[in-house]
Structure formats: structure tokens, C-alpha cells
Amino acid sequence: DAGITQSPRHKVTETGTPVTLRCHQTENHRYMYWYRQDPGHGLRLIHYSYGVKDTDKGEVSDGYSVSRSKTEDFLLTLESATSSQTSVYFCAISTGEDTQYFGPGTRLTVL
Amino acid sequence: SQQGEEDPQALSIQEGENATMNCSYKTSINNLQWYRQNSGRGLVHLILIRSNEREKHSGRLRVTLDTSKKSSSLLITASRAADTASYFCATVAMNRDDKIIFGKGTRLHILP
């Protein structure tokens, strides 16, 4: 998976709890992305980063925040998880030449 | 939205046959890409075609792009069981706003 890891790979949590997902890359790529994948919706962009401390919102950013303090790490935080945030979350990286490389995904269940 | 829409949503063919998937999009693009996703895995980049290109090949894959119709097709020749996966088209806007927009995918099932 092109030097990208995601942790945890699976998580079950309860409504109202905070959750942080981590994406780590060893490729030194500038761009990092967080997507969620749901049946019937395909892949939707949550937030992305174009450099350390530089982030922007995607299509479905409500309820999510991100941080990137180092090139290699991009964190996705659900401040107060809701059942609608049950999904599979993918991190991706790119050099800016448009091709994206995806991590293995994190399956999050919010009860 | 410039989201790509794949057609068909699902496709089942016999091993050895050719599989064709189509993608339509709404606004001007810089490039269009195709990705594959095996069950339970992340997406894998297959091929990228730029707006000034009409056709591109990679192994058993052939991609065409018709910017006048805002559509693309992915042809997989001589399909194999290992080609069973979901296939997504993704577009990058002409203004290159750093985002790729993915379609909802075509589920391809290769029958033995």
C-alpha cells in the first residue's frame, strides 16, 4: 500500500465519544487526504492537506477536524462521534501529480 | 459537481470475455483516472488520461476519453478471475483545485 499505514484498522465506539484516526506515510508526499466510503455514495472527500499545517475542507467535512503537524502524519478527529459517521475511512497521499495512493482503510462503527 | 458517474453499476461476465465500463462527468477536467478496489482493500491507481489525450493503454487495459461528450471508457480485455473488483473513475478539475472527485464505481464480477 505504497508506504501508507492507518491506525487503528478497526474501531467500535459509542455515540458522543471522541475518536482519532491516524494516517502515517513514509513517502514524504506533500498531499494527504481523508475519505469516507459508504454504500451508495462511493468515496467522498472529508479533508485534505497540501502541506504541514495546511489543510482544507472537502465535500463532507462537518463533524470532522484534521491536523498535520508533521509531513508523515495526518490525523482525522471526530470530536463527538455519531452513528452517521459509521463508515470505512481511507487515507490517501499524492505528490501533486494527481495519482493518489491509498492506505488499507479503517472500519469505524459508532454504536 | 464534476463527479464522475460510472455505468453500469454492476457487471458480470465470463472469464476470457472483455469488460467495458463507462464514466460520465459534468465539467471540464484536467485529467481522468481509473482505480480498482478489491474487496476490503484500498483503491489502487490503474491509469491516468489527460484532457488532451484520446486513448491510452496499459497491459490489458484500454482507456478512452471523449471530452466533447464528457465521457470515458475502461476496457479490460481477456478478463481473469483476479479482475473481480470495483472500478472507479475519478476526475481532476481544469482549475486543478487539488482535489480528485470519485464516482460511485462499477462492481465487476468475473464468472469462472
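Residues numbered from 1 in each chain as written. Chains lettered and ligands numbered in written order. Predicted model: local features only at pLDDT ≥ 70, side-chain atom pairs only at ≥ 80, totals over all residues. Heavy atoms only, no water.

S.K.: Where do I start with the overall build of chain B in this structure?
M.R.: Tallying secondary structure elements over chain B gives 0 helices and 11 strands in all. Each helix and strand of chain B, ordered N terminal to C terminal, gives the series β-β-β-β-β-β-β-β-β-β-β. Whereas a compact globule of 112 residues would reach a radius of gyration of roughly 13 Å, chain B reaches 13 Å, a difference of no more than 12%. Oriented by its inertia axes, the alpha-carbon framework of chain B measures out at about 45 × 30 × 20 Å. For chain B, with 112 residues in total, the buried portion stands at 46%. A separation of at least 24 residues holds for 56% of the contacts in chain B among residues at least 6 apart in sequence. Of the accessible surface of chain B, which amounts to about 5400 Å², a share of 45% is contributed by carbon and sulfur atoms. If the 15 positive side-chain charges of chain B are averaged to one point and the 11 negative ones to another, these points end up 3 Å apart. (Helix = DSSP H or I, 4+ residues; strand = E, 2+ residues; numbered from the N terminus. Rg over C-alpha atoms; globule rule 2.2 N^0.38 Å. Buried < 20%, exposed > 50% of the residue type's maximum accessible area, 1.4 Å probe, protein only. Contact = heavy atoms within 4.5 Å. Areas by Shrake-Rupley, 256 points an atom, 1.4 Å probe, with all protein chains shown as cover. Lys, Arg positive; Asp, Glu negative; His and termini not counted. Charge placed at Lys NZ, Arg CZ, Asp CG, Glu CD.)

S.K.: How should the pattern of salt bridges be read in this particular structure?
M.R.: Residues and elements named next belong to chain A. Applying the stated criterion to the full structure yields 7 salt bridges over all chains. Linking Asp 38 and Arg 36 is a salt bridge whose minimum nitrogen-to-oxygen distance equals 2.8 Å. Accessibility classification places Asp 38 together with Arg 36 in one group, the buried group. Each of Arg 22, Lys 70 and Asp 73 takes part in a single network of salt bridges with overlapping partners. (Salt bridge = Lys/Arg side-chain N within 4 Å of Asp/Glu carboxyl O.)

S.K.: Please clarify how the sheet that holds strand 8 (residues 71-76) of chain B should be interpreted in this entry.
M.R.: Sheet strands associate in pairs through backbone hydrogen bonding, adopting either a parallel or an antiparallel arrangement. Residues and elements named next belong to chain B. Pairing within the open sheet is antiparallel, and its 5 strands lie in the order 1-3-8-7-6. Where the open sheet ends on each side, the last strands, each with one partner, are strand 1 (5-7) and strand 6 (55-58). Averaged over all adjacent pairs, the angle separating strand axes in this sheet is 20 degrees, with direction ignored. As judged from the 6 bridges shared by strand 7 (residues 61-66) and strand 8, these two strands associate in the antiparallel manner. Looking across to strand 8, one finds that Val 63 is bridged to Leu 74. (Pairing = 2+ DSSP bridges. Axes fitted to C-alpha atoms, helices over the stretch in contact; angles between N-to-C directions.)

S.K.: So what exactly am I meant to see when it comes to the packing of aromatic side chains here?
M.R.: Note on aromatic pairs: each is described by the distance of the centres and the angle between the planes. All names here are of chain A. Counted by the stated rule, this structure contains 11 aromatic pairs over all chains. Ring centres 6.5 Å apart and planes at 15 degrees place the aromatic pair Tyr 31 and Tyr 33 in the stacked group. Grouping residues by exposure puts Tyr 31 and Tyr 33 together as buried. (Phe/Tyr/Trp six-rings, centres within 6.5 Å; stacked < 30°, edge-to-face > 60°.)

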